[in-house]
Amino acid sequence: METLYIVVPCYNEQEVLPETSKRLLEKLCALIDGKKITPESRIVFVNDGSKDRTWQMIEELHQQERFFQGVCLSRNMGHQNALLAGLMTVKDHCDMTISMDADLQDDINAIDAMVEKYYAGCDVVYGVRDNRDSDTWFKKFTAEGYYKVMKHLGADIVFNHADFRLMSRRALDGLRSFPEVNIFLRGIVPMIGYPSDKVFYKRSERFAGESKYPLKKMLSFAWEGITSLSTKPIRMISMVGGGIFLVSIIMLIYSLVRYFTGETEIGWTSTIVSIWAIGGLQLLAIGIIGEYIGKVYLETKNRPKYIVQTYLGDDEENN
Ligand code: UDP
Ligand code: MG
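What counts as what
- Residues numbered from 1 in each chain as written.
- Chains lettered and ligands numbered in written order.
- Predicted model: local features only at pLDDT ≥ 70, side-chain atom pairs only at ≥ 80, totals over all residues.
- Heavy atoms only, no water.
- Phe/Tyr/Trp six-rings, centres within 6.5 Å; stacked < 30°, edge-to-face > 60°.
- Buried < 20%, exposed > 50% of the residue type's maximum accessible area, 1.4 Å probe, protein only.
- Donors = N, O, S within 2.8 Å, 3.2 Å for Na, K, Ca; no water.
- Axes fitted to C-alpha atoms, helices over the stretch in contact; angles between N-to-C directions.
- Helix = DSSP H or I, 4+ residues; strand = E, 2+ residues; numbered from the N terminus.
- Parallel < 35°, antiparallel > 145°, perpendicular 65-115°, else oblique.
- Contact = heavy atoms within 4.5 Å.
- Nonpolar A, V, L, I, M, F, W, Y, C, P; charged D, E, K, R; others polar.
- Salt bridge = Lys/Arg side-chain N within 4 Å of Asp/Glu carboxyl O.
- Near = heavy atom within 4 Å.
- Polar contact = N/O pair within 3.5 Å; in protein donor to acceptor, adjacent residues only side chain to side chain.
- Areas by Shrake-Rupley, 256 points an atom, 1.4 Å probe, with all protein chains shown as cover.
- Core = buried A, V, L, I, M, F, W, Y, C linked by side-chain atoms within 4.5 Å.
- Pairing = 2+ DSSP bridges.
- Expected span 1.5 Å × (residues − 1).

Colleague: Sorry if this is basic, but what is going on with the packing of aromatic side chains here?
Modeller: Aromatic ring pairs are described here by two measures, namely the spacing of the ring centres and the angle between the planes. The full count for this structure, using the stated rule, is eight aromatic pairs. Judged by centre distance (6.4 Å) and plane angle (65°), the ring pair of Tyr146 and Tyr147 falls under edge-to-face. Each member of the pair Tyr146 and Tyr147 is classed as buried. Members of the aromatic cluster, joined through ring pairs, are Trp137, Phe138 and Phe141.

Written as structure tokens, this is what we have:
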């Protein structure tokens, strides 16, 4: 038997926490009773700088029930960093971790299958949603399109998989050896390698509260994913530049021919259109290159990805 830690990042989740903790505890106890995991297994809530009562609730849970632990970050660091902080804090206490969102959108019952696959030899088990019925068509369209674009750009990400996944301890050790500051876990985890498998589940609606990913955050997350995994956009810029150069040479030849055959006109429209088109393209190109330079800048600073303020672990280890 091995020890499982379930890691749950929480940002202003006071509405869902009572239900989430109840259901997770039931699942954990069922697994322990079924002799699938050891009684040392735990549920760890990571408080990502919440402004509501989330952390007080986590403290209360920890006091009432030894199966609950808490990690409090020093401020809001974002979902990916909160998740990483949780995983890295508990890594050495367990054999496997499962990460999931606090809002019960991920199906808790998929945990059994994940654990089975772990015992069958998988180091990473991806939770993959098999439908998007609970999403609006806009979210469905953009999300699925996004996965496809990422594939084209050469990033090896698992289709329709979010951050519901099981990772073994050695996979976590692998993850820790990726020093980059701009992290997009979905893209990095497949790079670790090791045997992996998928578990399919039906994703439901958020149990309560609001999404912590408004459109603006979502767009920046999507952009983060692309630019931290692929440099192809820069190559595309060069290709577009080359293409435009070719077109301009053809235009030049064409204009010369027209000139020498004495048919020149006052080409106001074409002039103005090309000026705007080229100007726009240039700005876009500089912008994209700037994004990458900005990333390089952040990486060279090598700032910590998260800072843990408190860890409510088992008593003999902490406090
Ligand atoms: N989250 C976090 N820090 C943040 C934003 C979100 O830890 O800055 C957590 C949040 O509490 C939840 C998970 O990340 O457990 C996913 O967020 P949410 O469910 O709001 O995203 P959605 O499912 O709408 O994409
Ligand atoms: Mg959610």
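Colleague: Sorry if this is basic, but what is going on with the coordination of the magnesium ion (ligand 2) here?
Modeller: Six octahedrally arranged donors around a metal ideally form angles of 90 or 180 degrees; four tetrahedrally arranged donors ideally form angles of 109.5 degrees. On the protein side, the magnesium ion (ligand 2) has Asp103 (OD) and Gln105 (OE1) as donor atoms, found 1.9 Å from it. Gln105 shares its class with Asp103; the two are buried.

Colleague: Sorry if this is basic, but what is going on with the packing of helix H5 (residues 137–152) against helix H8 (residues 215–229) here?
Modeller: A pair of packed helices is characterised by two quantities: the angle between their axes and the separation of those axes. At their nearest, the axes of H5 and H8 sit 11 Å apart, and the two run at 10° to each other. Relative to H8, the element H5 is oriented roughly parallel. Counted together, Phe138, Lys139, Tyr146, Val149 and Met150 of H5 and Leu215, Met218, Phe221, Ala222, Gly225, Ile226 and Leu229 of H8 form the full contact between these two elements. Among the residues forming the contact of H5 with H8, the class breakdown is 10 nonpolar, one polar and one charged.

Colleague: I tried to follow the pattern of salt bridges on my own but got confused; where do I start?
Modeller: Side-chain pairs of opposite charge can arise whenever the charged atoms involved come near each other. Under the defined criterion, the tally for this structure stands at 16 salt bridges. When the shortest N-O distance is used, the salt bridge between Arg170 and Asp123 registers 2.8 Å. Taken together, the residues Arg170 in helix H6 (residues 169–176) and Asp123 in the loop between helix H4 (110–119) and strand S5 (124–129) connect sequence positions 47 residues apart. Relative accessible area serves as the criterion here: at 43%, Arg170 is assigned to the partly exposed category. Here Asp163 ties to Arg186 by a salt bridge, and the two come within 3.2 Å at their closest N and O atoms. Separated by 23 residues along the polypeptide, Asp163 in strand S6 (residues 161–168) and Arg186 in helix H7 (residues 185–192) bring together distant segments of the chain. For the residue pair Asp163 and Arg186, the accessibility class agrees, reading buried in each case.

Colleague: Explanation requested: the site of ligand 1 in the structure shown.
Modeller: Neighbouring ligand 1 are 20 residues; Glu13, Asp48, Asp103, Ser211 and Lys212 lie closest to it. At a separation of 2.5 Å, an oxygen atom of ligand 1 approaches a polar side-chain atom of Asp103. Gln105 places a polar side-chain atom, nitrogen or oxygen, 2.7 Å from an oxygen atom of ligand 1. When isolated, ligand 1 has an accessible area of 530 Å², and the protein chains bury 95% of it. Elements supplying a minimum of two residues to the shell around ligand 1: strand S1 (4–10) and helix H3 (79–90). Of the residues belonging to the shell around ligand 1, the class tally is six nonpolar, five polar and nine charged.

Colleague: Looking at this structure, I do not really get the nonpolar core. What am I missing?
Modeller: Side chains of a nonpolar character, in soluble globular proteins, are inclined to be buried together. Counting residues in each nonpolar core, the largest one holds 39 residues, and the members touching the most others are Leu4, Ile6, Leu24, Phe45 and Ile111. Per element, the largest residue contribution to this core is six residues, and it comes from helix H1 (residues 17–33). Not counting chain neighbours up to four residues away, the residues in contact with Phe45 comprise Val8, Cys10, Leu17, Ser21, Leu24, Ile58, Leu61, Phe68, Gln69, Gly70 and Val71. Tyr5, Ala85, Met88 and Phe178 belong to the second largest nonpolar core, which has 30 residues in total.

Colleague: Got a minute to help me understand the sheet that holds strand S7 (residues 196–201) in this structure?
Modeller: The strands making up a sheet are joined through hydrogen bonds of the backbone, oriented either antiparallel or parallel. Here we have eight strands laid out as an open sheet, ordered S7-S5-S6-S4-S1-S2-S3-S8, and mixed in their pairing. Edge positions in the sheet fall to S7 and strand S8 (308–312), since each of these pairs with one other strand and no more. Looking at each pair of strands side by side, their axes are set apart by 20° on average, direction ignored. Of the pairings in the sheet, the one linking S1 to strand S4 (residues 96–99) comprises four bridges and is parallel in character. In the strand pairing of S4, Tyr5 is matched with Thr97. In the packing of H4 onto the sheet, contacts are made with S1, S4, S5, S6 and S7, and the angle to S6 comes to roughly 40°.

Colleague: Would you mind showing me how to read unusual backbone geometry here?
Modeller: Peptide bonds are mostly trans, and most non-glycine residues show a negative phi. Even without being glycine, Lys35 reaches a positive phi, approximately 60°. Position of Lys35 among the secondary structure elements: in the loop between H1 and strand S2 (42–47). Although it is not a glycine, Tyr194 adopts a positive phi angle of roughly 70°. Residue placement: Tyr194 occurs in the loop between H7 and S7. Residue Tyr194 is classed as partly exposed on the basis of its relative accessible area, which comes to 38%.

Colleague: How do you make sense of the environment of Arg258 when you look at a structure like this?
Modeller: Here Arg258 lies in helix H9 (residues 232–260). Polar contacts involving the side chain of Arg258 include one to the side chain of Tyr254, which spans 2.7 Å.

Colleague: In this structure, what is going on with H3? I would like to understand it.
Modeller: Given 3.6 residues per helical turn, the α-helix brings residues three or four places apart onto the same face. Taking 1.5 Å of rise per residue, the 12 residues of H3 would be expected to cover 16 Å, and the 17 Å separating its terminal C-alpha atoms lies within 8% of that figure. Extensive coverage of H3 is indicated by the burial of 12 of its 12 residues. Taken as a whole, H3 has its buried residues at His79, Gln80, Asn81, Ala82, Leu83, Leu84, Ala85, Gly86, Leu87, Met88, Thr89 and Val90.

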